[in-house]
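As a plain string of letters, each chain reads:
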Amino acid sequence: MSAVLALAPRLRRAGGRDGRLTTALAVAAFAVMTALTLSVVGGLLGFSARAADPAGAFQREYGDSYVVLAWTAVVLLVVPLLTLGGSAARLGVARRDARLATLRLLGVTPREVVALTVVGTAWQGLVGAVAGVAGYVALLPVWTRVPFQGSTFSAGELWVGWPVLAAACVAVPVLAVVSGVVSLRRVVVSPLGVARRQTPPAMRAVRAVVALVAMGLFMVVLLVLGQLGAFAVAFAIGSLALGFGALNLIGPWALGLVGRLRVRRARTPAQLLAARRLVDDPRATWRVVGGLGLAGFVAGALAVVPLLASASAGEGASAAEVAETATFTGDLMRGALLTLGITFLVAAAAAGITQAATVLDRRREYALQVLAGTPVALLDSVRRREVLVPMLLVAVGSAATAVVMMSPVFGIAGLTDPSGLLLLVGCLTAGCLLVLAATETSRPLLRSVLAETQVRPD
Amino acid sequence: MSHTTSGPRLSARGLVKQFGATTALAGVDLDVAAGESVAVMGPSGSGKSTLLHCLAGILVPDAGTVALSGRGLHDLDERERSLVRRRQYGFVFQFGQLLAELPAIENVALAPMLLGTPRREATELAGRWLASLGLAGMEGRRPGELSGGQAQRVAVARALITGPEVVFADEPTGALDQATGQDVMRVLTETTRLAGASLVVVTHDAGVAAWCGRRVEVRDGRVVADERRAPEVAR
């Protein structure tokens with residue numbers, strides 16, 4: 001075993017330029033995940049501390065609502081963040097698959113192959129976690145400039161403490177190892193790596209039914225809570241998690257459906273290939289754009305928030321009450337914008353990581369296509385199309401869904417208020433551009449893979 | 001497609017290719033006539049794959065020329081050579097050239113679609129090719145749902161559907177058992193001959209080479225034997 005483990009550093013160094021690129025991408029994804037998770041946890045701790053020891057009347061009255069909202073942000077971000085970590089681990093393993101499979105054929109035991117993977121991915125996870133901790137510390141001055149509850153947080157309030165930092169440096173490598181080992185099963189089970197690709201069964205429409213029921217339930221909850229007054233908005237936003245759950249159920253199913261429609265209508269090779277990929281694995285595409293679906297959903301809900309301040313100001317409330325409500329809705333907007341920004345970053349990182357993994361998984365296929373005369377520009381076009389079409393669909397679709405779902409409280413005013421709509425369109429455009437830019441990171445990797453891959457060794 | 005009738009269809013003169021200190025090709029001359037089938041044989045590392053890559057315009061030789069129907073490939077840039085490969089060449093590799101997410105018929109139709117043929121027309125043509133190669137009823141199957149022999153027949157259909165002047169096959173039976181390999185070679189040589197294309201097969205297997213009308217042996221980057229004989233016929 002020790003002789004095999006001695007190979008680990010060599011395996012790490014043996015990847016060449018694209019090996020370094022994928023390692024850098026995986027480490028960067030772990031770092032982004034760690035830094036953002038720690039920041040969100042820091043915010044949660046900050047709000048909890050203020051609620052436990054309120055500094056004024058406002059914090060005494062609204063403190064608990066802020067904790068609920070902070071938990072909401074954690075709930076909304078935890079799945080995309082964990083998915084990003086999992087994708088990063090799979091990418092790290094993908095690069096090593098071939099060499100590990102060769103070692104397996106040479107007689108290295110499954111346990112030793114797993115051990116090699118554990119060492120490799122744990123190392124990437126650890127480096128990413130340490131970089132993420134540094135990123136979290138570097139981001140603290142940024143967060144301390146954002147006002148909440150009428151005053152900004154101090155760095156001390158957002159400091160998660162050394163035990164949490166240490167826990168992150170353990171938890172991230174563990175997450176990396178678990179994801180890596182799971183995705184390595186095929187090397188262990190079948191070292192020849194004969195991946196039999198078959199037509200995937202279409203996802204059942206029951207997903208759509210369940211999601212529609214969840215959406216209906218959400219709207220009823222909103223209506224009931226709406227009768228209880230503006231304060232219930234906190235609970236309504238809390239139940240966004242339910243909406244997100246519904247979105248996650250319906251998302252992959254809807255993407256598969258759209259893929260099949262686009263296959264039928266495809267005219268060019270790029271359209272056909274991009275549509276077939278969507279049909280082939282809508283869940284994989286959802287893993288990339290799902291985060292943006294969440295962002296679109298939050299942005300859609302956000303579009304109606306500016307109405308709160310104007311609506312509550314006209315009810316004959318005292319000046320102090322109006323100021324308090326304005327502070328609360330302002331904070332709501334800022335918090336939601338921060339959550340949005342983070343989900344955009346996570347979605348962009350996930351897109352970059354997933355596309356890099358796709359290029360590596362299909363390097364032989366791509367190389368043979370290009371050798372047979374397929375233009376590289378077609379592969380680029382398919383890659384962009386693969387992300388762009390589902391992304392637009394998901395971002396716009398989920399924003400529209402959110403506006404519809406929030407309509408029991410705000411009516412169609414949510415659609416007509418220009419500031420809300422501008423915010424929505426601005427957020428979606430920025431997010432989409434960011435994700436598109438992230439997919440371009442796999443462009444040099446594709447070129448490098450095409451340059452390296454031989455038809456077969458002679 | 002208009003072919004030059006005089007002179008060889010594919011002609012290589014003085015091909016030299018080095019990888020670092022290793023000489024893969026040390027001055028190879030080779031002519032392939034229209035409709036001719038040539039097996040390029042040699043042990044591992046002899047330079048036979050490098051020769052195929054140079055003939056196909058995948059690799060650019062350090063010295064020497066390759067001409068297709070009298071037109072030199074050395075004058076072309078990568079984009080133009082890619083166009084030649086798409087339009088005038090067909091390829092059958094050992095495995096892995098079919099796109100996993102496309103059903104058989106779309107894998108075949110993709111080649112004419114890349115040349116601008118409308119999808120409906122390309123699909124109809126692909127259906128006819130698959131049927132003529134004994135794959136009727138399997139159009140909707142994806143590569144993972146086909147046997148190795150069936151997948152190679154789909155690859156043959158994909159290589160020939162655009163009416164290429166030359167088909168290159170790189171160890172086309174390397175991933176198949178002997179009986180299936182013989183069957184694929186029969187389909188490949190017969191169909192290529194009927195389509196009027198020349199065939200260049202790189203192999204180390206004498207059984208595979210026996211299906212070709214000419215056998216060229218490469219050692220240390222040079223052609224050391226070149227013999228013509230009657231090819232194996234369908235049994």
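Here goes a summary of the coordinates provided. Bear in mind the structure is a predicted one, so any value in this text is a computation, not a measurement.

So, on to the overall build of chain A. Each helix and strand in chain A was counted, giving 20 helices and 2 strands. Taking all 458 residues of chain A together, the buried fraction comes to 51%. Put simply, of all contacts in chain A between residues at least 6 apart along the chain, 88% involve residues at least 24 apart. Carbon and sulfur atoms make up 69% of the accessible area of chain A, which amounts to about 19,600 Å² in all.

Residues and elements named next belong to chain B. What the 4 strands build is an open sheet, ordered β2-β1-β4-β5; its pairing is antiparallel. Two strands bound the open sheet, and with one partner strand each, they are β2 (22–32) and β5 (71–72). Bridging between strand β1 (residues 10–19) and strand β4 (residues 63–68) involves 5 bridges; their strand directions are antiparallel. When the sheet's bridge partners are listed, S11 is paired in β4 with A67.

In this section: the packing of helix α3 (residues 104–114) of chain B against helix α5 (residues 148–160) of chain B. Residues and elements named next belong to chain B. Contact geometry for α3 and α5: axes closest at 8 Å, N-to-C directions at 15°. With respect to each other, α3 and α5 are oriented roughly parallel. Here the hand of the crossing between α3 and α5 comes out right-handed. Together, A104, N107, V108, L110, A111 and L114 of α3 and V154, A157 and R158 of α5 make up the contact between the two elements. Residue composition of the contact of α3 with α5, grouped by class: 7 nonpolar, 1 polar and 1 charged.

Our next topic: the interface of chain A and chain B. Facing the 33 residues of chain A at the interface are 38 residues of chain B. Between chain A and chain B lies a buried interface of about 3,000 Å² when both sides are counted; carbon and sulfur atoms form 53% of it. Linking chain A with chain B are 4 salt bridges, by the criterion used here. Close ionic contact of E106 of chain B with R276 of chain A constitutes a salt bridge, the shortest N to O distance being 2.7 Å. If you look at where chain A meets chain B, you find 12 residue pairs in polar contact (both at pLDDT 80 or more). For the side of chain A that touches chain B, the elements supplying multiple residues, two or more each, are α11 (240–265), α12 (269–280) and α16 (363–371) of chain A.

The next subject is the environment of S179 of chain A. Residues and elements named next belong to chain A. With respect to the element layout, S179 can be found in helix α7 (residues 162–183). Here S179 falls in the buried class, since its relative accessible area comes to 14%. When near neighbours in sequence (up to four residues on either side) are disregarded, S179 contacts G86 and A89.

Turning our attention to the pattern of salt bridges. Side chains that differ in charge, positive against negative, can pair when their charged atoms come close. Scanning the model with the defined rule gives 25 salt bridges over all chains in all. With a closest N to O distance of 3.4 Å, D380 of chain A and R443 of chain A form a salt bridge. A residue pair is termed long-range when its members are at least 10 positions apart, and D380 of chain A in helix α17 (residues 376–410) and R443 of chain A in helix α20 (residues 442–452) qualify at 63 residues. We note a salt bridge from E78 of chain B to R85 of chain B, for which the minimum N-O separation is 3.3 Å. Residue classification places E78 of chain B among the partly exposed positions, given a relative accessible area of 40%.

Attention shifts here to empty space enclosed by the protein. Counting across every chain of the model gives 5 cavities of 30 Å³ or more. Along the wall of the second largest cavity there are 19 residues; nearest its centre are A372 of chain A together with F91, A111, R158 and A159 of chain B. Elements with a contribution of two residues or more to the lining of the second largest cavity: α16 of chain A together with α2 (78–87), β6 (89–92), α3 and α5 of chain B. Residues of the lining of the second largest cavity, tallied by class, amount to 10 nonpolar, 6 polar and 3 charged.

The rules behind the values
Residues numbered from 1 in each chain as written. Chains lettered and ligands numbered in written order. Predicted model: local features only at pLDDT ≥ 70, side-chain atom pairs only at ≥ 80, totals over all residues. Heavy atoms only, no water. Helix = DSSP H or I, 4+ residues; strand = E, 2+ residues; numbered from the N terminus. Buried < 20%, exposed > 50% of the residue type's maximum accessible area, 1.4 Å probe, protein only. Contact = heavy atoms within 4.5 Å. Areas by Shrake-Rupley, 256 points an atom, 1.4 Å probe, with all protein chains shown as cover. Pairing = 2+ DSSP bridges. Axes fitted to C-alpha atoms, helices over the stretch in contact; angles between N-to-C directions. Parallel < 35°, antiparallel > 145°, perpendicular 65-115°, else oblique. Left-handed = near helix turned anticlockwise from the far one by under 90°. Nonpolar A, V, L, I, M, F, W, Y, C, P; charged D, E, K, R; others polar. Buried area = accessible area lost by both parts, 1.4 Å probe. Salt bridge = Lys/Arg side-chain N within 4 Å of Asp/Glu carboxyl O. Polar contact = N/O pair within 3.5 Å; in protein donor to acceptor, adjacent residues only side chain to side chain. 1 Å grid on protein atoms, 1.4 Å probe; cavity = no way out; pocket = protein on both sides within 12 Å on 5 of 7 lines; lining within 4 Å. Points joined across faces, edges and corners; volume = space filled by probe spheres on them.

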